[in-house]
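Residue strings, one per chain:
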Amino acid sequence: MIDLASLTRIGFLTLPNHSMIACTSALEALRMANYVAEAPLYSWHVITLDGAPATASNGLSLAPTVAVHEAGPLDLLLVCGGVDVRHAATAPIADALRRLARRGVALGALCTGSFVLADAGLLDFHRCAVHWENLSSIREEFPEIDFVEEAFVIDRDRLTCTGGIAPLDMMLALIAARGGRALADKVSEQFIIDRSARLPQARARPRPALPDPTLARAVKLMEGTIEQPPSIAAIARRLDVSPRHLERLFQRHLGTGPAAYQLGLRLERARELLRLSPLPITDVGLACGFQSAAHFSTAYARRFGRPPSRERTGAGAPRPGGHTM
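Per an unreviewed UniProt entry, the chain carries the name GlxA family transcriptional regulator and comes from Ancylobacter pratisalsi.

The structure is reproduced here in structure tokens:
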């Protein structure tokens, strides 16, 4: 684990269409720490590859900016991602990040900036936080990275966090390491927030309440075996109940049978992968347990009213301003 107290010179590498709230949440935490401590605990630069300001997803830009090679000594560089980050993950950006890593600079990411680090091979065999909307697709693309459902993760010299105001939480961890918990609490008080407890990231699509423990175990098993879905009879055996009992539980609490529910999980995962990953359609089907491309296409069209190929032609594209990679 890196000494978090030593990370005082911080760069914010702003990519095109970066998330302004993620970037400024982190930056403002540092400013407020200096204000509350009445001391220059932190310094920072807003950075781009060439020094020209990058336009955020809201159409605004942060200034002044400096080129990455003119930023001076840094302890930590945070890659600030946002919408359509794949187009921002260029070879020159990857080369610049690798050079910094070789010099011993800690690297981190805000929002979808984690994808840029992953694409550059700089997160291999690390734990990593990424926005919940992108978890399924990025796990398929980078199986050597341990993606977790936490608001932020500090794993050795890699610091990653999700979007929104989660970067504020990560910065509070740095502030507490340097100035103590009392200083971090004072920063929270200035922002009129309570960050006394570290929480997992909230999902916009929470799992429905499952009052029956056997049903909850069945659903968890289905969610964990999407690539190789077991039969309903096999699930019933694992849970030591009869298939008929499992059928009654699903019908009573979820209004559908277990086979239909399992198929729905697989198709929802397929839609996420089609929208948020570059995997070929055939690979998406295989990743979701469909051994036949024809079966996948038919099941998908029956559920969503369009074939999988149309998710790649705009019909099912994510809305502007989201966290799509």
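Engineer: Account for unusual backbone geometry, with residues named and values stated.
Structural biologist: Trans peptide bonds make up the majority, and among non-glycine residues the majority have a negative phi. Residues Ala-63 and Pro-64 are joined by a peptide bond in cis, for which omega reads 0°. Looking at the secondary structure, you find Pro-64 in the loop between β2 (43-48) and β3 (65-67). In this structure, Asn-17 takes a positive phi of about 65° despite not being glycine. The topology assignment puts Asn-17 in the loop between β1 (9-14) and α1 (20-37).

Engineer: An account of helix α6 (residues 181-190) is requested, with residue identities and associated values reported.
Structural biologist: Residues Leu-183, Ala-184, Val-187 and Ser-188 constitute the buried set of α6. Along the axis of α6, the buried residues cluster in a sector spanning 145°; they form a single face. Pointing more than 90 degrees away from the buried face of α6 are the exposed residues Ala-182 and Glu-189. For α6, the secondary structure elements touched by its buried residues are α1 and α5 (166-179). A positive phi of about 60° marks Ile-192, the residue just after α6.

Engineer: Explain the side chain of Arg-158 to me, and be specific about the residues and the numbers.
Structural biologist: Tracing the backbone shows Arg-158 in strand β9 (residues 158-161). Among the polar contacts made by the side chain of Arg-158, one reaches the side chain of Asp-157 at a distance of 3.3 Å. Non-local contacts of Arg-158, meaning those with residues more than four positions away in its chain, are made with Ala-101, Leu-107, Leu-122, Leu-123, His-126 and Val-153.

Engineer: Got a sec to walk through the sheet that holds strand β5 (residues 106-110)? Specific residues and values, please.
Structural biologist: Pairing within the open sheet is mixed, and its seven strands lie in the order β3-β2-β1-β4-β5-β9-β8. Among the strands making up the open sheet, the edge pair consists of β3 and β8 (152-155). With strand direction ignored, the average angle separating the axes of adjacent strands in the sheet is 25°. Pairing of β5 with β9, which is carried by three bridges, proceeds in the parallel orientation. The partner of Leu-107 across the bridge, within β9, is Arg-158. Its contacts with the sheet put α1 on β1, β2, β4 (76-80) and β5, and the angle it makes with β1 is roughly 160°.

Engineer: Residue-level account of the side chain of Ser-19, with values.
Structural biologist: In this structure, Ser-19 sits in the loop between β1 and α1. A distance of 3.3 Å separates a polar side-chain atom of Ser-19 from the backbone nitrogen of Ala-22. Among residues more than four places away in sequence, those in contact with Ser-19 are Ser-57, Gly-81, Gly-82 and Cys-111.

Engineer: I'd like a description of helix α2 (residues 91-102), backed by residues and values.
Structural biologist: In this model, α2 (twelve residues) spans 16 Å end to end at C-alpha, consistent with the 16 Å of a helix rising 1.5 Å per residue. Restricting attention to buried positions, one finds in α2 the residues Ile-93, Ala-94, Ala-96, Leu-97 and Leu-100. Buried positions in α2, seen along its axis, are confined to an arc of 160° and lie on one side of it. Within α2, the exposed residues directed more than 90 degrees away from the buried face are Ala-91 and Arg-102. Those residues of α2 hidden inside the fold are in contact with β1, β4, β5 and α3 (113-119). With its phi angle positive at about 90°, Gly-104 sits one or two positions after the end of α2.

Cut-off values and rules
Residues numbered from 1 in each chain as written. Predicted model: local features only at pLDDT ≥ 70, side-chain atom pairs only at ≥ 80, totals over all residues. Heavy atoms only, no water. Helix = DSSP H or I, 4+ residues; strand = E, 2+ residues; numbered from the N terminus. Buried < 20%, exposed > 50% of the residue type's maximum accessible area, 1.4 Å probe, protein only. Arc of directions from axis to C-beta. Contact = heavy atoms within 4.5 Å. Polar contact = N/O pair within 3.5 Å; in protein donor to acceptor, adjacent residues only side chain to side chain. Pairing = 2+ DSSP bridges. Axes fitted to C-alpha atoms, helices over the stretch in contact; angles between N-to-C directions. Expected span 1.5 Å × (residues − 1).

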